[in-house]
Amino acid sequence: MADSVIVTGSDAKYFRYARDTLRSLQALRLGGVALAILDFGLDAEQCEWLAAEKIIRVLVGWDIQPGNMDAEVARMGDGYRAMTSRPFLPRYFPQANVIQWIDADAWVQSAEGVTVPMEAARRYGFAIVPELHRAYAHLYSGGQATQAMHRQAAAASFGEGIASVLAANPVLNSGLFAGRRDSPVWAKWQEFATAGISNAANKYTEQIALNLACYTVLGRSDSDSVQFLPPEYNFCCGLALPMIDREAKLVLDPKYPHDPVHVVHLVGMNQRREFGTPDGGKIETSLLYSELRG
């Protein structure tokens, strides 16, 4: 295996998104970086496609057994292994020195979406993107509903004390991150995720555990060991609709000067709709890689 690996994960019903993720990475023609997928229940045809494309497929079980599950986790079934497996990525890829994760509902628009997180991880240990962007309206309008949602999820899994501490910090989005295999974040993440998921599992428990791990490591003297990357390295379209460059078929920052983002994270924005263009016009499309670039 290459020294670096980019990993996503999927079950059979989510594979249409994961394939887009992988195709976007293949189009970049990155040398020396392996592509891999965690298998949470793929079917035979999907596995054949992965084999033909020479993408590493790793079948994963339950690294953490969920305790009390809310209704959404119960509906996810085996798909929740996406949450229980991520803290243990170094175990699944023992030969990789740097591991980058990208959610299956995200795709990479430029080589910088890979090279920058990986270089930050290689140099410092771990890289992740806070949910902080000048276009994320909830940050400037009080955002009480969003804040309450994250606080309630943290309190359910970890208790009110930890929820109060985290409420004072930006949310770190676990949809994209990169880590060197010797980063102290991994062990802390495994510890917190095991505690939280075993106690009361919700769809945010794993992300909350990663936040706890990063902020715990940042609280030590080696405070550079977790790097916060700019928002264009994990632009959350569910928090702010991007613009579209009609001719280049690029997803753009909705705020002037409308630069292209590096990583497009759908976060539920997967349906066709109208998007603005920098010239003041409109274009109807979805943000799916297969439609926008297809």
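Criteria and thresholds
Residues numbered from 1 in each chain as written. Predicted model: local features only at pLDDT ≥ 70, side-chain atom pairs only at ≥ 80, totals over all residues. Heavy atoms only, no water. Axes fitted to C-alpha atoms, helices over the stretch in contact; angles between N-to-C directions. Helix = DSSP H or I, 4+ residues; strand = E, 2+ residues; numbered from the N terminus. Parallel < 35°, antiparallel > 145°, perpendicular 65-115°, else oblique. Contact = heavy atoms within 4.5 Å. Nonpolar A, V, L, I, M, F, W, Y, C, P; charged D, E, K, R; others polar. Expected span 1.5 Å × (residues − 1). Buried < 20%, exposed > 50% of the residue type's maximum accessible area, 1.4 Å probe, protein only. Phe/Tyr/Trp six-rings, centres within 6.5 Å; stacked < 30°, edge-to-face > 60°. Lys NZ or Arg CZ within 6 Å of the ring centre and 35° of its normal. Pairing = 2+ DSSP bridges. Salt bridge = Lys/Arg side-chain N within 4 Å of Asp/Glu carboxyl O.

A. The arrangement of the packing of helix α1 (residues 15–28) against helix α2 (residues 44–52) in detail. Running from N to C, α1 and α2 point in directions that differ by 5°, and their axes come no closer than 12 Å. Here α2 runs roughly parallel to α1, going by the angle between their axes. Contacts between α1 and α2 involve F15, R19, L22, R23 and Q26 from the first element and Q46, W49 and L50 from the second. By residue class, the composition of the contact of α1 with α2 is four nonpolar, two polar and two charged.

B. Region of interest: α1. With 14 residues, α1 should cover 20 Å at 1.5 Å per step; its first-to-last C-alpha distance of 20 Å lies within 8% of that length. Burial in α1 covers these residues: F15, Y17, A18, D20, T21, L22, S24 and L25.

C. Region of the structure containing the packing of aromatic side chains. On inspection of all chains with the given rule, the structure shows ten aromatic pairs. On the numbers, 5.2 Å between centres and 85° between planes, the contact of F177 with W189 is edge-to-face. Residue F177 is located in strand β8 (residues 172–180), and its partner W189 is located in helix α9 (residues 184–199); the two are separated by twelve residues in the primary sequence. Overall, the relative accessible area of 0% leaves F177 in the buried class. Lying over the aromatic face of W49, R19 brings its terminal NZ or CZ to 5.8 Å of the ring centre.

D. Representation of the sheet that holds strand β11 (residues 235–236) in the model. Strand order in the open sheet made by the three strands is β6-β14-β11, with mixed pairing throughout. Sheet topology places β6 (106–108) and β11 at the edges, where each strand pairs with a single neighbour. Relative to strand β14 (residues 263–265), β6 runs antiparallel, the two sharing three bridges. Across the sheet, the residue bridging to W107 is V264, located in β14.

E. Representation of the environment of A121. Within the secondary structure layout, A121 lies in helix α6 (residues 112–124). A sequence separation of 67 residues divides A121 from K188, and the C-alpha atoms of the two residues are 16 Å apart. Setting aside chain neighbours within four positions, we find A121 in contact with V98, F126, A127, A178, G179 and R180.

F. Looking closely at the sheet that holds strand β10 (residues 226–228). Read from one edge of the open sheet, seven strands run β3-β2-β1-β5-β8-β7-β10, paired in mixed fashion. Looking along the sheet, the strands with just one partner apiece sit at the ends: β3 (56–59) and β10. Averaged over neighbouring strand pairs, the angle between their axes works out to 25° when direction is ignored. For strand β2 (residues 33–39) and β3, the ladder comprises four bridges, and the chain directions are parallel. Across the sheet, residue I37 finds its bridge partner in β3, namely R57. In the packing of α6 onto the sheet, contacts are made with β1 (4–10), β2, β5 (98–102), β7 (126–130), β8 and β10, and the angle to β8 comes to roughly 55°. Strand contacts of helix α10 (residues 205–218): β7, β8 and β10, with the helix running at about 55° to β8, the strand carrying the most contacts.

G. Just unusual backbone geometry, in detail. Note the cis peptide between Y256 and P257, where omega equals 15°. Tracing the sequence through the fold places P257 in the loop between β13 (250–252) and β14. Of note, H258 is a non-glycine position whose phi angle comes to about 60°, a positive value. Assessed through its relative accessible area of 17%, H258 is described here as buried.

H. Here's a closer look at the pattern of salt bridges. In the structure shown here, the tally under the stated rule is 13 salt bridges. Residues R91 and D63 are paired through a salt bridge, measuring 3.1 Å at the closest nitrogen-oxygen approach. Remark: D63 occurs in the loop between β3 and β4 (68–69) and R91 occurs in helix α5 (residues 89–92); sequence separation between them is 28 residues. Classification of R91 as exposed rests on a relative accessible area of 54%. In this structure, R134 and D253 form a salt bridge, with 3.5 Å as the shortest nitrogen-oxygen distance. Taken as a pair, R134 in the loop between β7 and α7 (144–158) and D253 in the loop between β13 and β14 lie far apart in primary sequence, 119 residues in all. The class of R134 is partly exposed, set by a relative accessible area of 43%.

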